[in-house]
Amino acid sequence: MTVILSVIALFLTVNLAAQPLNIKKLAVDYDKLLLEQFKPGETGFAALVAKDGQVIYTRGFGMANLELNVPMQPDMVFRIGSITKQFTAIAILQLMEQGKLSLQDEITKFIPDYPTQAYSITIEHLLTHTSGIKSYTNVPDYIKNVRTDMTPEELINTFKNQPMEFAPGTKWNYNNSGYFLLGYIIEKVTGKSYADYIQVNFFTPLGMTSTCYGSDTKIIKNRAYGYQQGAEGIVNSNYCSMTQPYSAGSIMSTVGDLFKWHQALYSGKLVKPETLEKAFTEYKLKDGRGTGYGYGFFLSQLQGSPTVEHGGGIFGYLTSSVYLPKEDVFVALFSNSTAKAPEFTSLKMAAMAIGKPLQTETITLDEPTLDQYTGIYLNEAGREVTVRREGTQLAATLAGSGTRKMFPLEKDKFIVEDAFMYATFTRNAGGKVVSFVTDDRGRLDTWKVTDRKPEEKKTITVSEATLDRYTGEFELQPGFTITFTRDGNRLMTQATGQGKFEVFAESETKFFLKVVDAQVEFVPDPDGKFNKMILYQGGNKIEGKRIK
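Heads up: these notes are all about the structure in this document. (Residues numbered from 1 in each chain as written. Predicted model: local features only at pLDDT ≥ 70, side-chain atom pairs only at ≥ 80, totals over all residues. Heavy atoms only, no water.)

What follows deals with the overall build of the protein chain. Counting secondary structure elements, the protein chain contains 12 helices and 29 strands. By principal-axis analysis of the C-alpha atoms, the protein chain measures approximately 65 × 65 × 55 Å. Looking at the 548 residues of the protein chain, the share that counts as buried comes to 54%. Taking the intrachain contacts of the protein chain between residues at least 6 apart in sequence as the baseline, contacts between residues at least 24 apart amount to 61%. By element, 49% of the accessible surface of the protein chain is carried by carbon and sulfur atoms, the whole surface being about 23,600 Å². (Helix = DSSP H or I, 4+ residues; strand = E, 2+ residues; numbered from the N terminus. Buried < 20%, exposed > 50% of the residue type's maximum accessible area, 1.4 Å probe, protein only. Contact = heavy atoms within 4.5 Å. Areas by Shrake-Rupley, 256 points an atom, 1.4 Å probe, with all protein chains shown as cover.)

Here is the structure:
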């Protein structure tokens, strides 16, 4: 449900032989890892790790409520955001098994007046994010209504007449509209509200007593309150009517209840094993390309082991869950602040549980050696990566995406910061670097060097008084804000769930980031105040309005 600043994928071949598992030592290592990110007295997390069907670690650190000084416990209730999608997907598969629908049914069978614009859009297209329907959270006016209670029909009316983004089945684009429509189809088929269906068919029979359809008025025991980054620090999260995320992101749960759900999935209590296997099979586009997604689940690998996973991001909360079927390891990590993302940490925990932790021992290369890797590289799809030396570090920027430092594990072999992403460079017979291979958790790509050289953007100096006019918090999408603060003569920015970075002035009102290929423009009101900004990134132009 948020804008994500993507990072470049980089490759390395390493020794991934599993190490024997010492559960007591693992718990100590987990505590150390989590306390590096989640400090006492700050917003917190709940964590659970299970292996071979048994919980081997569950903890809560930090605070569940900062104002009331309530410590976090592992049974605290969080909004789980888009992890909701797997519940919606399994509900659809249940109805399929009952003969009440087919995945190849066109959506007009259940929503006759839906304007498909002459396309055939199936339930499977909705499940796999390949429908081509515009995601309603990307519709410009969505933010204006985010606080408003709406019926499913009313919200569908806000996006159904938007132009199609592509022909169904030809591209993959993460899409909240698809899963919203699936919830509405569940209601049409069963005659029950989506909230009632998941309560009666999932939560109650599975003993998920701490799980429910989200509500801000209902008394929910052990609720962890949500927070976000503000202009001067952490603040209470913005409000969003829970009718808005609906079947795409409305569920509240605990790490323990999510594990109950996971166990039920694999025990055959919800759908047949052969049906579940379809959900865990990568959907292929019409041209045969893989999407990395099944029905409600991302499909990838970690340190050579297959994974089934999903995360969630919604007002005040970020969540992550990952399962490694081969080793039977399940990890859930929930954060009650969008300023602290759990995904990378949860992956590190999973890797540790299978005895293949992320390699962190690096070496030092001198600057002349690092300079050998710098340049502009292209892959077969025409995407561009720029590799620069910044002092004694390499940094790589994917055009339209982010910048990450690269640390050498040995000569020609690097690991990217904060990711399970590696890079290996190749040289010609004369010793010149001519390409590198990337591996984004098993997805390989080759990048060949060009004759072009990286160019540094020119910057200007802007007065502190001018910078002060831009400080504040701007909302770009529900639950996603960008905060600007001044640090001396520098303007700093921090997006929801991201770190704090400097933006550099190329004019009095236009700035750019070095850590990500993005620009920011501040737009004056007629009275000269700056209550509007524009983010330019990845070919997109996204407006933000000042909220503080």
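Back to the text.
Throughout the structure, instances matching the rule amount to 20 salt bridges. Residue R452 pairs with E384 through a salt bridge whose shortest N-O separation is 2.8 Å. Of this pair, R452 sits in the loop between strand 21 (443–449) and helix 12 (464–468) while E384 sits in strand 15 (residues 384–390), placing them 68 residues apart in sequence. Assessed through its relative accessible area of 40%, R452 is described here as partly exposed. By relative accessible area, which is 24% here, E384 ends up partly exposed. Between E464 and R486 there is a salt bridge; the shortest N-O distance is 3.2 Å. Here E464, found in helix 12, pairs with R486, found in strand 23 (residues 480–487); they are 22 residues apart in sequence, far enough to count as distant. Taken together, the shared-partner salt bridges connect E367, D371 and R389 into one network. (Salt bridge = Lys/Arg side-chain N within 4 Å of Asp/Glu carboxyl O.)

Judged by pairing direction, the sheet is antiparallel, and its three strands sit side by side in the order 5-9-6 without closing on themselves. Of all strands in the sheet, those with a lone pairing partner are strand 5 (78–79) and strand 6 (212–213), marking the two edges. As judged from the two bridges shared by strand 6 and strand 9 (residues 251–253), these two strands associate in the antiparallel manner. For Y213, the partnering residue across the bridge sits in strand 9 and is I251. (Pairing = 2+ DSSP bridges.)

Taken in spatial order, the eight strands of this closed barrel run 14-15-16-17-18-19-20-21, and their pairing is antiparallel. Adjacent strand axes in the sheet meet at a mean angle of 30°, parallel and antiparallel pairs treated alike. As paired elements, strand 16 (residues 393–398) and strand 17 (residues 403–410) share four bridges and run antiparallel to each other. Following the sheet pairing, T397 is matched in strand 17 by T403. (Axes fitted to C-alpha atoms, helices over the stretch in contact; angles between N-to-C directions.)

Another point: helix 10 (residues 343–353). For helix 10, a buried count of 10 out of 11 residues is recorded, marking the element as mostly surrounded by other parts of the structure. By the burial criterion, the buried members of helix 10 are F344, T345, S346, L347, K348, M349, A350, A351, M352 and A353. Positive backbone phi, approximately 75°, marks G355, located one or two places after helix 10.

Space inside the second largest pocket adds up to approximately 600 Å³. Lining the second largest pocket are 24 residues, and of these K348, M352, P357, L358 and T360 lie nearest its centre. With five residues, helix 1 (residues 23–37) is the largest single contributor of residues to the lining of the second largest pocket. For the lining of the second largest pocket, a count of residues per class yields 12 nonpolar, six polar and six charged. (1 Å grid on protein atoms, 1.4 Å probe; cavity = no way out; pocket = protein on both sides within 12 Å on 5 of 7 lines; lining within 4 Å. Points joined across faces, edges and corners; volume = space filled by probe spheres on them. Nonpolar A, V, L, I, M, F, W, Y, C, P; charged D, E, K, R; others polar.)

With a phi angle near 65°, N222 is a residue other than glycine that sits in the positive phi range. One can find N222 in the loop between strand 6 and strand 7 (227–230).

Within the secondary structure layout, L347 lies in helix 10. Note on L347: relative accessible area 6%, which makes it buried. Along the primary structure L347 and S321 are separated by 26 residues, whereas in three dimensions their C-alpha atoms are 8.7 Å apart. The contact partners of L347, leaving out residues within four places of it in the chain, are L302, E309, V322, F420 and R441.

Inspection of every chain in the model, using the stated rule, returns four cavities of 30 Å³ or more. Estimated volume of the second largest cavity: approximately 110 Å³. Lining the second largest cavity we find 14 residues, and of these Q86, H262, F297, S321 and F330 sit closest to its centre. Every element with two or more residues in the lining of the second largest cavity is listed here: helix 8 (255–267), strand 11 (305–314) and strand 12 (317–324). The element best represented in the lining of the second largest cavity is helix 8, accounting for five residues. Looking at the lining of the second largest cavity residue by residue, the classes come out as 10 nonpolar, three polar and one charged.

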